[in-house]
Amino acid sequence: MDFGLSEEQEMLQETVRGFAQNECPTTRLRELFDEGNGHDPALWQALAEMGVAGLTVPEEQGGAGMEFLDLALVAEVLGEFALPSPFIGHSLAIQGILLAGSEAQCASLLPALASGELIASIALQESDVVWAPSDWTAKFEGDRLSGTKTYVSHAKVADRLLVGVQGGEFVWVDTKAEGVEIEDLGAIDRTQPMSRVTFTGAQAIKLEGGPGTASGLLDAAAALLAADAFGAASKLIDLDVAYSLEREQFGQPIAQFQSIKHTIARLGLDIEPARALYWYAAHALDHLPAEASRAASIAKAHITDRAMNAARESVELHGGYGFTWECEVQMWFKRIMVDRAIYGTPDEHRDRSAALGGY
Amino acid sequence: MDLEYSAEHEAFREEVRTFLKGWPLIGDEANLPKEEQEQIFRKRGIDAGYVYRSVPKQYGGSEQPQDAIKDQIVIKEFYAANAPRDLLSQGAGLLVPTLLEFGTEEQKERYVPPALTGEQNWCQGYSEPGSGSDLASLQCQARLEGDEWVINGQKIWTSSAQRAQMMFGLFRTEPDAKKHEGISYLLIPMDTPGVEVRPLREMGGGYEFNEVFFTDARIPAGNIVAARGQGWQVSRATLVHERNLIGNPNMMNEALADLIALARERTLNGRPAITDPGIRRRIAEIEGYVETSRLSNMRQFTAANRGEMIKAMRPMMMNKVFSTDAMQLIMKCAYDLLGGDGVIAPTDADNEGWGQRDSTASGWVLRYIFSMGPAIAGGASNIQLNIIGERGYGLPRDMRPPK
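Keep in mind that this is a model prediction, so the values were computed, not measured.

Attention shifts here to the overall build of chain B. When its secondary structure is counted, chain B shows 11 helices and 10 strands. Split into buried and exposed, the 403 residues of chain B put 50% on the buried side. If you take every contact in chain B between residues at least 6 apart in sequence, the share linking residues at least 24 apart comes to 67%. Computed over 45 positive and 54 negative side-chain charges, the inter-centroid distance for chain B is 6 Å.

Taken domain by domain, chain B consists of domain 1 (7-86), domain 2 (122-228) and domain 3 (247-393). Its C-alpha centre places domain 1 of chain B at a distance of 34 Å from the equivalent point of domain 2 of chain B.

Moving on: the interface of chain A and chain B. On the side of chain B, 49 residues touch chain A, which itself brings 47 residues to the contact. For the pair chain A and chain B, the summed buried surface comes to about 4,600 Å²; carbon and sulfur atoms form 59% of the total. One can count 10 salt bridges joining chain A with chain B. Arg299 of chain B serves as the salt-bridge partner of Glu272 of chain A, at 3.0 Å between the closest nitrogen and oxygen. Taken together, chain A and chain B are joined by 24 residue pairs in polar contact (both at pLDDT 80 or more). Counting only elements with at least two residues in the side of chain A that touches chain B, the list comes to helix 7 (214-246), helix 8 (258-271), helix 9 (275-287), helix 10 (289-317) and helix 13 (346-356) of chain A. Along the lines of polarity and charge, the residues of the side of chain A that touches chain B split into 22 nonpolar, 12 polar and 13 charged.

Turning our attention to unusual backbone geometry. Residues and elements named next belong to chain B. In this structure, Pro24 follows Trp23 across a cis peptide bond, with omega equal to 0°. Residue placement: Pro24 occurs in the loop between helix 1 (7-20) and helix 2 (34-48). The backbone of Asn82 shows a phi angle near 55°, a positive value even though the residue is not glycine. Structurally, Asn82 is set in the loop between helix 3 (68-80) and helix 4 (90-102). For Asn82, a relative accessible area of 65% corresponds to the exposed category. A positive phi angle is found at Ala226, which is not glycine, with a value near 65°. Structurally, Ala226 is set in the loop between strand 8 (224-225) and helix 6 (231-246). The class of Ala226 is partly exposed, set by a relative accessible area of 23%.

To continue, consider the domain arrangement of chain A. Residue and element names in this part refer to chain A. Parsing chain A into structural domains produces domain 1 (7-114), domain 2 (120-206) and domain 3 (214-356). Look at where the C-alpha atoms of domain 1 and domain 3 centre, and you get two points 21 Å apart. Counting from both sides, the interface comprises 26 residues of domain 1 and, opposite them, 28 residues of domain 3. For the pair domain 1 and domain 3, the two sides together bury roughly 2,300 Å², of which 67% comes from carbon and sulfur. Counting the contacts that link domain 1 with domain 3 gives one salt bridge.

Right, let's get into a nonpolar patch on the surface. A cluster of nonpolar side chains, Met203, Met372 and Ile376 of chain B, forms an exposed patch at the surface whose accessible area comes to about 340 Å². Take Met203 of chain B: it is sitting in the loop between strand 6 (195-199) and strand 7 (209-220).

Our focus in this paragraph is the packing of helix 7 of chain A against helix 10 of chain A. All names here are of chain A. The interhelical angle for the contact between helix 7 and helix 10, taken along N-to-C directions, is 25°, at an axis separation of 8 Å. The angle between the axes of helix 7 and helix 10 places the two elements in the roughly parallel class. As for the relative orientation of helix 7 and helix 10, their crossing is left-handed in sense. Together, Asp219, Ala222, Leu225, Ala226, Ala229, Phe230, Ala233, Leu236, Asp240, Tyr243 and Ser244 of helix 7 and Ala292, Ser293, Ala296, Ala299, Lys300, Ile303, Thr304, Ala307, Ala310, Ala311, Ser314 and Leu317 of helix 10 make up the contact between the two elements.

Residues and elements named next belong to chain B. Structurally, Lys155 is set in strand 3 (residues 148-159). Here Tyr126 takes part through its backbone oxygen, which lies 3.0 Å from a polar atom of the side chain of Lys155. When sequence neighbours within four positions are dropped, the list of residues in contact with Lys155 reads Gly125, Tyr126, Ser127, Glu128, Leu138, Cys140, Leu170, Phe171, Asn210, Glu211, Val212 and Phe214.

Here we take up the packing of aromatic side chains. Overall, the coordinates contain 22 aromatic pairs over all chains when judged by the stated rule. When the ring of Phe3 of chain A is compared with that of Trp279 of chain A, the centres are 5.9 Å apart and the planes differ by 70°; the resulting orientation is edge-to-face. In this pair, Phe3 of chain A sits in the segment before helix 1 (7-23) while Trp279 of chain A sits in helix 9, placing the two residues 276 residues apart along the sequence. Pair check on accessibility: Phe3 of chain A and Trp279 of chain A agree, each one buried. An aromatic cluster of at least three residues, connected via ring pairs, comprises Phe12, Phe19, Trp23, Phe41, Tyr50 and Phe78 of chain B.

This part covers the environment of Gly201 of chain A. Residue and element names in this part refer to chain A. Residue position: Gly201 is located in strand 7 (residues 194-206). Since its relative accessible area comes to 24%, Gly201 is described here as partly exposed. Spatially, the C-alpha atom of Gly201 lies 8.7 Å from that of Glu141, the residues being 60 residues apart in sequence. The contact partners of Gly201, leaving out residues within four places of it in the chain, are Arg144, Leu145 and Ser146.

Attention now goes to the packing of helix 1 of chain A against helix 4 (residues 68-80) of chain A. Residues and elements named next belong to chain A. For the pair helix 1 and helix 4, the least separation of the axes is 9 Å and the interaxial angle reads 30°. Classified by the interaxial angle, the pair formed by helix 1 and helix 4 is roughly parallel. Like other packed secondary-structure pairs, helix 1 and helix 4 cross with a definite hand, here right-handed. Across from Gln9, Leu12, Gln13, Val16 and Arg17 in helix 1, the residues of helix 4 making contact are Leu69, Asp70, Leu73, Val74, Glu76, Val77, Leu78 and Glu80. Of the residues in the contact of helix 1 with helix 4, the class split is seven nonpolar, two polar and four charged.

Turning to the nonpolar core, a few remarks are in order. Membership of the largest hydrophobic core comes to 167 residues, with the highest contact counts inside it found for Leu145 of chain A together with Ile283 and Ile330 of chain B. Counting residues per element, this core draws most heavily on helix 7 of chain A, which supplies 19 residues. Dropping the residues within four chain positions of it, Leu145 of chain A is found in contact with Ala138, Lys139, Phe140, Val163, Val165, Val171, Val173, Phe199, Thr200, Gly201, Ala202 and Ala204 of chain A. In terms of nonpolar packing, the next biggest core, distinct from the first, is built from 45 residues, Phe41, Val55, Ile69 and Ala115 of chain B among them.

Calculation rules
Residues numbered from 1 in each chain as written. Chains lettered and ligands numbered in written order. Predicted model: local features only at pLDDT ≥ 70, side-chain atom pairs only at ≥ 80, totals over all residues. Heavy atoms only, no water. Helix = DSSP H or I, 4+ residues; strand = E, 2+ residues; numbered from the N terminus. Buried < 20%, exposed > 50% of the residue type's maximum accessible area, 1.4 Å probe, protein only. Contact = heavy atoms within 4.5 Å. Lys, Arg positive; Asp, Glu negative; His and termini not counted. Charge placed at Lys NZ, Arg CZ, Asp CG, Glu CD. Domains from an automatic or database assignment. Buried area = accessible area lost by both parts, 1.4 Å probe. Salt bridge = Lys/Arg side-chain N within 4 Å of Asp/Glu carboxyl O. Polar contact = N/O pair within 3.5 Å; in protein donor to acceptor, adjacent residues only side chain to side chain. Nonpolar A, V, L, I, M, F, W, Y, C, P; charged D, E, K, R; others polar. Patch = residues over 30% accessible without salt bridge, like charges linked within 9 Å, V, L, I, M, F, W, Y side chains within 5 Å. Areas by Shrake-Rupley, 256 points an atom, 1.4 Å probe, with all protein chains shown as cover. Axes fitted to C-alpha atoms, helices over the stretch in contact; angles between N-to-C directions. Parallel < 35°, antiparallel > 145°, perpendicular 65-115°, else oblique. Left-handed = near helix turned anticlockwise from the far one by under 90°. Phe/Tyr/Trp six-rings, centres within 6.5 Å; stacked < 30°, edge-to-face > 60°. Core = buried A, V, L, I, M, F, W, Y, C linked by side-chain atoms within 4.5 Å.

This is the structure in structure tokens:
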């Protein structure tokens, strides 16, 4: 009976954290944010060399052979630095292949993804409210894919897309193939560009796992977004603490006022204990299949909801400065907006967890 | 991360389950008064090494090697069997750990065994009318005269003082010393002449807490724990135990299950409330907090078990406010489900206080009222937020007037 991280897992987080501190401090983040590509090839290359691009890919296919929990732990740290990278979509595409690919498909598709040589993303959501596999309408006939997917993260830098199609199955498509049109949507979070992708008879291959694998991928998406939001919200609390100690009014640091101190304590109460929620969701995906969907939905709903609240409070705590483009809070604020809004809002995940909880 | 028990702990769990087949008692023993039955079974639990595992045998415990997982198995299994285990009273839960840490040999031998069995009941004399959150400002005075302390002053919010034989409490013994350094931790027999208990009626109707007045009450000089002036440090240790008592995840899981059951029974807009999307989402939102609490506790438990408590300090200091708030969310939702029935409840003098698991409509009304209690008792939430801000996040302490 042990519900804690192993030394290796703590070291993994420390390694990625150390890397992000050096390679993507806020000054660099700001530049990348303004560029708006959500991607820095050198940064991605370095992450891939650390093994982050293929964390859960089996060793024989060039990956690190780690668990989903390890992936979530890295997502937390990348959220903490709002690090612009295709990590989430790429990792989820890999999860999709692991879930739905045949042995031969895994062997042929995973190595180039694990090395980071190819970047992938996932294309599941079809409209503002259509994201559940049962509602997918994209069609795959013969070897051709047709339909429209939206809020596809990093589609412009991705080489491949994992696409959800009618019947709750997945196909694998090359973004450079004929019949694939990618249109930038102008995302609010400039570290996570979003596109609408239209497929008109684009050549694709179907993953052979069949239906029934799709909900597992949505659970994985929910757990990773929860971990990302947890990291982002934790960072915001650190920023709040630092600002409240530095900013003086009435001749004293504003941290001295109980209204500020209690605000920060309440944000801590909302966020810090919820770390265990995303750990459990990720652990359940690895080891407790009967619990996984419910745990993922609870984590996604609760953490992204509380994190969004923390982000709003953080803006307010920074006063007029908090409302500026210059203030770093806005970057994490927007990151959390994405974590909260895509692949099921808190309301939708609460409906799901209630049903799964038997009420 | 591994949520299964090891083979050793699995075997231990089986052993405990077998033992628990002995509860409830059968035969002649089943006819004894309830309290006596509980004492008999608790004694068997001590002999078997399940109850009072951390208390030395010479003081009436079972003195087992430290094993947090076994402790947890015992708590879970005894709880599931509804069997009597360690008392969580003020005496066994708060005084005993304090005496084991700070008491003299004589004090341990004399007070620990009857506190463990519940033969001697204790109350806690901390708060005073002018000293609530600022407890260290307390003024109730004890003056050493020859070989006796002479006590004058008043305590308030003293739970179960009317049933206690003894009080442990904080008294100002060094009026000239600095605020925190002039306090001593004393043990007072409640039948001492000059000690008067006056019950206070709570908003729920019952009389659980009291005022206690001292008028030249004389107790032996030896009834002090640790040295003169060290009462504050001693009491800090006790408060930690008290806060541990208050955050009980079982209680929250039960309350959530009760809330779901209530939503199935009650009607909203002409159909079962549980089918109402708003109510479902509200309950699911509450479940987010309840799950957070359960899992955060598991994380803290693991940290303690590994000897790495330092890694879980923040969530640990958050337990009290977190569980108080989550319980209140449950009670508020339940109250809304009651509709007009929310105005009907007995306000009898024997309403006992929080912790009563009564799922009738009027029972919920009282639970709704009593859920205010934990926000105040054992360190008010507003003060807890200061502690979280200051010790958890390194924010500056409140400005205080110079001493």
